[in-house]
Structures are given as C-alpha cells and as structure tokens.
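Single-letter residue listing:
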Amino acid sequence: KNQVEQSPQSLIILEGKNCTLQCNYTVSPFSNLRWYKQDTGRGPVSLTIMTFSENTKSNGRYTATLDADTKQSSLHITASQLSDSASYICVVTVTSGTYKYIFGTGTRLKVLA
Amino acid sequence: EAGVAQSPRYKIIEKRQSVAFWCNPISGHATLYWYQQILGQGPKLLIQFQNNGVVDDSQLPKDRFSAERLKGVDSTLKIQPAKLEDSAVYLCASSLDITDTQYFGPGTRLTVL
C-alpha cells in the first residue's frame, strides 16, 4: 500500500534555531518527492521537488534531502523565523499508468520568539 | 500572475443542506484538482480533471458529491445533502499539466452543523 508518514506530528522551537522534519514513504513506482509549506488558513505552497537521482535541493533556508534507497526524506530549516510557523507536508508522486499524489499528514511547526 | 481563486472562503450550513464551491484555476493550466482537508490531516484528492475530462474520481463520494469543469476552465464542487463529517477545508489546485507542480487556492472552510 502506498503510504507517506511524517514525523514529528508537531514541533515547537525557538526563533533562530534549526530543525529537521522527517518523511518516510512506501511508494512504488516512485517518481518524485515534494515538500509543501501550508500557512494557517491558506493552501499549500511548493518548497522543493526532487527526483530519484537528486539527493539534495535547497530553497533559501530550506534544504530537502532524499535517500531513495531507504525511502526517506528530510526537510531542514536553518535559522528559523516566526514566519516559518506552518504545517509542512511531504508529497510523493507515483507513476503507475497515471500520476498519483500521495500526501503525508504533515508536521505542524511552531516557532516562538 | 494571478493565483488560483476560490469562493466562498467560508460557509456554514446545516446538515442535509446543499452547498457549492467555485474554483478559477491559473490561466492556461490544463489540470485541476479538488481536495478535502480535514483538520490535522493532509489533503485527500476528491477529483482530478484534465481539461474538461475526469482523470480520477475514485475517492469522490458520488452519492452526495459532484463536480464539473465546463469549458475546461472554472470548476464547481457540490455537496448534496451535506453531512456533519463533510466539515473540512476544500482546496482547489491547478497545474500546467498532470506532471507539473500544483498551485493551490486558499480553500473554502465548510462547517456543517
């Protein structure tokens, strides 16, 4: 069964600190993996996309890694800011005749001043 | 570039009533998605259109939910009759094509009393 699991479910950190969010997937056949940021009351916004052959992708203070062998991805946030408070959703794309997007349940991050 | 537009932003109805949501995708985007996002969960795909044809509606509760995308542009999602468990945020997303990044609208928060 295609599944995407994220951890932790929620996280609280102090402004300026770094954090890492995890995504484990059991998906086949794998096409790509995206990380989305969803602010409260808004739709998700794409942060990064990685294909099978890519193992790291950066977008400002956000760095995503992918280990296709262990089927794990992480999103590292450097020098967190209050505006980083949001839910972060991992989405894995399956290609099996058609494109399907498997969404994780997200990690809710709260950055405190 | 204008984003994905949705209306209304909020809707409160009583169970057994009907409700309709509207989505205007980004101009030129062939693929349109409707998602249901229950609080604390990741988005769940309800229906996916490619132009005005349905690609995937396997998770759409067809006894009460319906959607259409006339002329391959705007789309409406209808619930008739609504149940308490339909309380959720309904997200519309669009992409240039089926393999491209999805851009999400702000969502419609539905409360069924």
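Residues numbered from 1 in each chain as written. Chains lettered and ligands numbered in written order. Predicted model: local features only at pLDDT ≥ 70, side-chain atom pairs only at ≥ 80, totals over all residues. Heavy atoms only, no water.

Visitor: Would you take a moment to explain the sheet that holds strand β1 (residues 3-7) of chain A for this structure?
Guide: Strand pairing in a sheet relies on backbone hydrogen bonds. The paired strands run either parallel or antiparallel. All names here are of chain A. Across the sheet, which stays open at both edges, the 5 strands sit in the order β1-β3-β8-β7-β6 with antiparallel pairing between neighbours. Sheet topology places β1 and β6 (56-59) at the edges, where each strand pairs with a single neighbour. Each strand of the sheet is rotated relative to its neighbour by a mean of 15°, with strand direction disregarded. Bridge analysis of β1 against strand β3 (residues 19-26) gives 5 bridges, and the strand direction is antiparallel. Its bridge partner lying in β3, Val 4 is registered against Tyr 25. (Pairing = 2+ DSSP bridges. Helix = DSSP H or I, 4+ residues; strand = E, 2+ residues; numbered from the N terminus. Axes fitted to C-alpha atoms, helices over the stretch in contact; angles between N-to-C directions.)

Visitor: Even after reading the chapter, I still don't get the environment of Pro43(B), so can you show me in this structure?
Guide: Residues and elements named next belong to chain B. Its location among the elements puts Pro 43 in the loop between β4 (31-37) and β5 (44-50). Looking at Pro 43, the relative accessible area reads 6%, which means it is buried. With 48 residues separating them in the primary sequence, Pro 43 and Leu 91 have C-alpha atoms 7.9 Å apart. (Buried < 20%, exposed > 50% of the residue type's maximum accessible area, 1.4 Å probe, protein only.)

Visitor: Looking at this structure, how should I read the sheet that holds strand β3 (residues 19-24) of chain B?
Guide: All names here are of chain B. Pairing in this open sheet of 4 strands is antiparallel, and the strands run β1-β3-β8-β7 from one edge to the other. Of all the strands in the sheet, the pair left with one neighbour each is β1 (5-7) and β7 (65-68). Direction aside, neighbouring strands of the sheet carry axes that sit 15° apart on average. In this structure, β3 lies alongside strand β8 (residues 75-79), joined through 5 bridges in antiparallel fashion. Paired with Cys 23 across the bridge in β8 is Ser 75.

Visitor: How should I be thinking about the layout of surface pockets in this particular structure?
Guide: The volume enclosed by the largest pocket comes to roughly 730 Å³. Lining the largest pocket are 36 residues, and of these Ser87(A), Arg108(A), Leu39(B), Gly40(B) and Arg109(B) sit closest to its centre. Listed by contribution, the elements that provide at least two residues to the lining of the largest pocket are β2 (10-14), β9 (86-95) and β11 (107-112) of chain A together with β9 (88-95) and β11 (108-112) of chain B. Partitioning the lining of the largest pocket into residue classes produces 13 nonpolar, 17 polar and 6 charged. For the second largest pocket, the calculated volume is near 320 Å³. Around the second largest pocket, the lining is made up of 16 residues, and of these Phe103(A), Pro43(B), Lys44(B), Leu45(B) and Gln59(B) lie nearest the centre. Going through the elements one at a time, β10 (99-103) of chain A together with β5 of chain B are the ones with two or more residues in the lining of the second largest pocket. (1 Å grid on protein atoms, 1.4 Å probe; cavity = no way out; pocket = protein on both sides within 12 Å on 5 of 7 lines; lining within 4 Å. Points joined across faces, edges and corners; volume = space filled by probe spheres on them. Nonpolar A, V, L, I, M, F, W, Y, C, P; charged D, E, K, R; others polar.)

Visitor: Help me understand a nonpolar patch on the surface, please; the structure alone is not making it clear to me.
Guide: Together, Ile12(A), Leu14(A) and Leu112(A) give the surface a local cluster of nonpolar side chains, amounting to about 290 Å² of exposed area. Positionally, Leu14(A) belongs in strand β2. (Patch = residues over 30% accessible without salt bridge, like charges linked within 9 Å, V, L, I, M, F, W, Y side chains within 5 Å. Areas by Shrake-Rupley, 256 points an atom, 1.4 Å probe, with all protein chains shown as cover. Salt bridge = Lys/Arg side-chain N within 4 Å of Asp/Glu carboxyl O.)

Visitor: Would you mind showing me how to read the interface of chain B and chain A here?
Guide: Where the parts come together, the accessible area they lose is often given as the size of the interface. Of the residues lining the interface, 22 residues belong to chain B; the matching set on chain A comes to 17 residues. For the chain B and chain A pair, buried surface summed over both sides reaches about 1400 Å², with 48% attributable to carbon and sulfur atoms. Note that Lys100(A) and Asp56(B) form a salt bridge whose closest N and O atoms lie 2.5 Å from each other. There are 5 residue pairs in polar contact (both at pLDDT 80 or more) connecting chain B and chain A. Going through the elements one at a time, β4 and β6 (53-56) of chain B are the ones with two or more residues in the side of chain B that touches chain A. The biggest single contributor to the side of chain B that touches chain A is β4(B), with 3 residues. Partitioned by chemical class, the residues of the side of chain B that touches chain A number 9 nonpolar, 10 polar and 3 charged. (Contact = heavy atoms within 4.5 Å. Buried area = accessible area lost by both parts, 1.4 Å probe. Polar contact = N/O pair within 3.5 Å; in protein donor to acceptor, adjacent residues only side chain to side chain.)

Worth remembering: the numbers are spatial, not functional.
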